[in-house]
Amino acid sequence: MTPLKTIEASMFIAMNRFKIALGSEDEFVSIWKNRETFLDTVPGFKEFHLLRGPSSEEYTLFASHSVWESRQAFEDWTKSEAFRKAHANAGGSRKEIYLGPPQFEGFESVI
């Protein structure tokens, strides 16, 4: 059995889950592709991914997935001007594509 590849012990992963109305998936992806996140200017930011999950009869699940050097780096970002600018028009004028607010989940690496 091959051992797991270990990651940095201080890494923090921040995820938001989104339930997106069926038929609005491409529009949701486009919103994320075209928005300015300012993440490249933030200390401690490592990488970002937008993940598409399964669809149900009601919605398609998406998750934004950002990797940070530490929980503190992520928390500092949430209090920054870059965060305020990135979220100033979150969702835009097309709020009907979102079936409820995003659900935040934060994870600290342990191995």
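Residues numbered from 1 in each chain as written. Predicted model: local features only at pLDDT ≥ 70, side-chain atom pairs only at ≥ 80, totals over all residues. Heavy atoms only, no water.

The next point concerns the pattern of salt bridges. Using the criterion set out here, one finds four salt bridges in the structure. The closest approach of N and O atoms between Glu 75 and Arg 71, which form a salt bridge, is 3.9 Å. Within this pair, Glu 75 and its partner Arg 71 are both found in helix α2 (residues 71–78), separated by four residues, close to a single helical turn. Given the relative accessible area of 28%, Glu 75 is considered partly exposed. For Arg 71, a relative accessible area of 33% gives the class partly exposed. Two residues, Glu 81 and Arg 84, come together in a salt bridge whose shortest N-O distance is 3.2 Å. Remark: Arg 84 and Glu 81 occur in helix α3 (residues 81–86); sequence separation between them is three residues, near one turn of the helix. Its relative accessible area of 45% is what places Glu 81 among the partly exposed residues. Its relative accessible area of 46% is what places Arg 84 among the partly exposed residues. It is possible to trace a salt-bridge network through shared partners that takes in Arg 71, Glu 75 and Glu 108. (Salt bridge = Lys/Arg side-chain N within 4 Å of Asp/Glu carboxyl O. Helix = DSSP H or I, 4+ residues; strand = E, 2+ residues; numbered from the N terminus. Buried < 20%, exposed > 50% of the residue type's maximum accessible area, 1.4 Å probe, protein only.)

Not every positive phi belongs to a glycine, and Phe 38 is a case in point at roughly 65 degrees. Here Phe 38 shows up in the loop between α1 (25–34) and β2 (45–55).

This part covers the environment of Met 15. With respect to the helices, strands and loops of the structure, Met 15 is situated in strand β1 (residues 12–21). Met 15 sits in the buried class, given a relative accessible area of 15%. The spatial distance from the C-alpha of Met 15 to the C-alpha of Phe 48 is 9.8 Å, given a sequence separation of 33 residues. Aside from chain neighbours lying at most four places away, what touches Met 15 is Leu 51, Ala 63, Ser 64, His 65, Gln 103, Phe 104, Glu 105 and Phe 107. (Contact = heavy atoms within 4.5 Å.)

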